[in-house]
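Here's the letter readout for the chains.
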Amino acid sequence: MRNLSLVVLLCFTAIPFYGQSTHLEGSIDISLEKGRLKSQFVLTHLRHEDLTLSFMLHSDLAVKRVSLNDKEMAFKKTKEKCYDCTVYSITFEQALESADRLQIETDGRFKTYKAGQNKKDYKGKIANNYGILRASEQAKWYPVIISKGKNLPAFLRKYPYTFDLEANCDCRSVYIGRGVPKPSGSRFVSKSPSKDIMLIAGDYDWVEGEKAIFINISEKALIDRLDTLFSSISTYYEAYTKIDMPTKYVMAHLPSDNSRWGGFMTYPTIVSVRKSMGDRNLTAYLSHEVAHYLFGDVYQAEGNLFWFYLESFAEYFSYKYLLQHDPAAMRADYRRLKKQKDLVRLDQVKSFNEVNSTARYLIGPFQLLAMERRIGEEKMLELIASAFSKLNTSEDGYQTLIDALSEIGVSADAIAEIETELFQRFDPATYKFVEEKLKSK
């Protein structure tokens, strides 16, 4: 019961208590024919005490007008760094109250790509590929207020919103945030606050399965396979963590021409951007993306080791699932690991972007597997609970990890060994225990 109680406690400490959450409402007009996205947004219940408020909007869009309670007011662009976006600043005469209505009108054009053109596609683009418009939360297609007091760059400090949005489109299907796609003129409502609101618009079909809603996926055999995987992965994670996983996911196939890009998650939407969807790497891909419900929604990453806590922990859970259910799916990763020579020393990282792709998705997850081998599964869950609950006030994510090991009762000698053998040097032989597990399956 101790393990269960600790994890349940974290569910309350890791997810902020929003009270009356900031609410985003408005109307969105989408024209695929003209490549235009025009919107009128209203923000209410703003939890903001400062006289200056900053928000982000994608650089392909522009703010046309800002009003407070129907009174037009000045706004300006700032020089704050923002990937894929522009930061706007507004100054108020007095602090905002809950009943105040901040109105923001936006207008802009998105790019429509011919087949084979969008080879540098990425999550931060607002893009029409193969007749489907895609805009993730990273694309900031709606005004995203910048939270303050976080040890992260501005573009990662996002307000959570509840929302009520009406979408009009010269297309057959629109999807916003969660649930099922709807026809033009429909409203999309969420009473659960979210930092991640996805937009998918186009002439696509969708199917509702047992465990997921499938957008632009029609093959029955593939849908059955995906449904089975969602069920298996969720059941495994629930059994391990004692945390309820989502009852239904959204799986969208939004083809892209970037051959080096596999997909992403904008919770609860899991997106595959491969040209065609098949069974290749499907287990590894889904087990990682489903784990992002835990590491990204339940457990929130912060600070200089943001990418380690977000991606390495999600991939660690994926590896655990694969070792139990499909070990062949991680053999290629293990072969890559044995060839690695460079190690990102987490104890020396100052800025979040120093944790590169190899450290996030390969070495980090194996380090966590090796740590679990030393302290056991129960202690790993306690470690997760302890470390993640302190990240929002921590200046050093690595020291937070080491302190958490001590807090959960790992001996000083064992911690010193973990630091020396796992985090301060890289020796492929340290991970030979994984090879033994792969051979035994």
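Residues numbered from 1 in each chain as written. Predicted model: local features only at pLDDT ≥ 70, side-chain atom pairs only at ≥ 80, totals over all residues. Heavy atoms only, no water.

A.B. asks: Where do I start with the overall build of the protein in this structure?
C.D. replies: The number of helices and strands found in the protein is 10 helices and 21 strands. Its C-alpha atoms give the protein a radius of gyration of 22 Å, near enough to 22 Å, the size a compact globule of 441 residues would have. Across its three principal directions, the C-alpha atoms of the protein cover 65 × 50 × 40 Å. Evaluated residue by residue, the protein yields a buried proportion of 57% over its 441 residues. Once local pairs closer than 6 in sequence are excluded, the contacts in the protein between residues at least 24 apart make up 68%. Total accessible area computed for the protein in this model is approximately 19500 Å², and 47% of it derives from carbon and sulfur atoms. When the 60 basic and 57 acidic side-chain charges of the protein are each reduced to a single mean position, those positions are 5 Å apart. (Helix = DSSP H or I, 4+ residues; strand = E, 2+ residues; numbered from the N terminus. Rg over C-alpha atoms; globule rule 2.2 N^0.38 Å. Buried < 20%, exposed > 50% of the residue type's maximum accessible area, 1.4 Å probe, protein only. Contact = heavy atoms within 4.5 Å. Areas by Shrake-Rupley, 256 points an atom, 1.4 Å probe, with all protein chains shown as cover. Lys, Arg positive; Asp, Glu negative; His and termini not counted. Charge placed at Lys NZ, Arg CZ, Asp CG, Glu CD.)

A.B. asks: How do you make sense of helix α6 (residues 357-375) when you look at a structure like this?
C.D. replies: Helical geometry: 3.6 residues make up each α-helical turn, so side chains three or four residues apart lie on a common side. With 19 residues, α6 extends 26 Å between its outermost C-alpha atoms, agreeing within 8% with the 27 Å of an ideal straight helix rising 1.5 Å per residue. Where α6 bends most, at Ile 363, the angle is about 40°, and the proline Pro 365 comes one to four residues later. For α6, a buried count of 14 out of 19 residues is recorded, marking the element as mostly surrounded by other parts of the structure. N-cap assignment for α6: the residue whose side-chain oxygen lies 3.3 Å from the backbone N of Thr 358 is Asn 356. Of the residues flanking the end of α6, it is Gly 376, one or two places downstream, whose phi is positive at about 95°. (Expected span 1.5 Å × (residues − 1). Bend = angle between axes of the 7 residues up to and from the residue. Polar contact = N/O pair within 3.5 Å; in protein donor to acceptor, adjacent residues only side chain to side chain.)

A.B. asks: What exactly am I supposed to notice about the environment of Leu 322 here?
C.D. replies: Among the structural elements, Leu 322 can be located in helix α4 (residues 306-325). Taking C-alpha positions, Leu 322 is 9.8 Å from Leu 438, a pair spaced 116 residues apart along the chain. Discounting chain neighbours no more than four positions away, the residues touching Leu 322 are Thr 283, Ala 284, Ser 287, Pro 327, Ala 329 and Met 330.

A.B. asks: How should I be thinking about the sheet that holds strand β9 (residues 111-113) in this particular structure?
C.D. replies: In a beta sheet, neighbouring strands pair by backbone hydrogen bonds and run either parallel or antiparallel. With respect to topology, five strands assemble into an open sheet ordered β9-β10-β11-β16-β14, the strand pairing being mixed. Two strands in the sheet have a free side with no partner beyond their single neighbour: β9 and β14 (173-176). Strand-to-strand twist of the sheet, defined as the mean angle between neighbouring strand axes without regard to direction, takes the value 15°. (Pairing = 2+ DSSP bridges. Axes fitted to C-alpha atoms, helices over the stretch in contact; angles between N-to-C directions.)

A.B. asks: Even after reading the chapter, I still don't get unusual backbone geometry, so can you show me in this structure?
C.D. replies: Working note: non-glycine residues mostly have negative phi, and peptide bonds are mostly trans. Backbone torsion omega between Tyr 267 and Pro 268 reads 5°, so that peptide bond is classified as cis. At Lys 140, a residue that is not glycine, the phi angle is positive and equals roughly 50°. Its place among the elements puts Lys 140 in the loop between β11 (132-135) and β12 (144-145). A positive phi angle, close to 65°, is found at Lys 242, a residue other than glycine.

A.B. asks: Help me understand the pattern of salt bridges in this model?
C.D. replies: A side chain of one charge can pair with a side chain of the opposite charge if their charged atoms are brought near each other. In total, this model carries 23 salt bridges according to the counting rule given. Arg 65 is the salt-bridge partner of Glu 105, the closest N and O atoms lying 2.9 Å from each other. Placement of the pair is Glu 105 in strand β8 (residues 102-109) and Arg 65 in strand β4 (residues 61-68), with a sequence separation of 40 residues. Its salt-bridge partner being Lys 320, residue Glu 377 comes within 2.6 Å of it at the nearest N-O pair. (Salt bridge = Lys/Arg side-chain N within 4 Å of Asp/Glu carboxyl O.)

A.B. asks: Can you help me understand the sheet that holds β8 in this one?
C.D. replies: Ordered in space as β5-β4-β8-β2-β1-β13-β15, the seven strands form an open sheet in which the pairing is mixed. The open sheet is flanked by β5 (71-72) and β15 (186-194), the only strands paired with a single partner. Two strands pair when backbone bridges link them, and strand β2 (residues 36-44) and β8 are joined in this way by eight bridges, in the antiparallel orientation. Residue Gln 40 lies in a different strand from β8, and its bridge partner there is Glu 105.

A.B. asks: What am I meant to see in the state of the cysteines here?
C.D. replies: Structurally, a disulfide amounts to a covalent bond that connects the sulfur atoms of two cysteines. In the structure shown here, the tally under the stated rule is two disulfides. Across a sulfur-sulfur distance of 1.6 Å, Cys 82 and Cys 85 are joined as a disulfide pair. Since a negative S-S torsion denotes a left-handed disulfide, the Cys 82-Cys 85 link at about -70° is left-handed. Since its relative accessible area comes to 11%, Cys 82 is described here as buried. Here Cys 169 pairs with Cys 171 through a disulfide, and the sulfurs are 2.1 Å apart. In this structure, the disulfide formed by Cys 169 and Cys 171 twists by about 125° around the S-S bond and is classed as right-handed. By relative accessible area, Cys 169 is classed as buried at 11%. Each bonded cysteine of the protein is numbered by sequence order, and under that numbering the disulfide pairs are 1-2, 3-4. (Disulfide = S-S within 2.5 Å.)

A.B. asks: Is there a simple way to explain the packing of aromatic side chains in this structure?
C.D. replies: What describes a pair of aromatic rings is the distance from one ring centre to the other and the angle between the planes of the rings. All chains considered together, the criterion is met by 29 aromatic pairs. Relative to Phe 313, the ring of Phe 295 lies with its centre 5.5 Å away and its plane at 35°, an arrangement referred to as tilted. Placement of the pair is Phe 295 in the loop between α3 (282-291) and α4 and Phe 313 in helix α4, with a sequence separation of 18 residues. For the residue pair Phe 295 and Phe 313, the accessibility class agrees, reading buried in each case. Aromatic side chains Tyr 319 and Phe 366 sit 4.9 Å apart centroid to centroid with 50° between the ring planes, which places their arrangement in the tilted category. (Phe/Tyr/Trp six-rings, centres within 6.5 Å; stacked < 30°, edge-to-face > 60°.)

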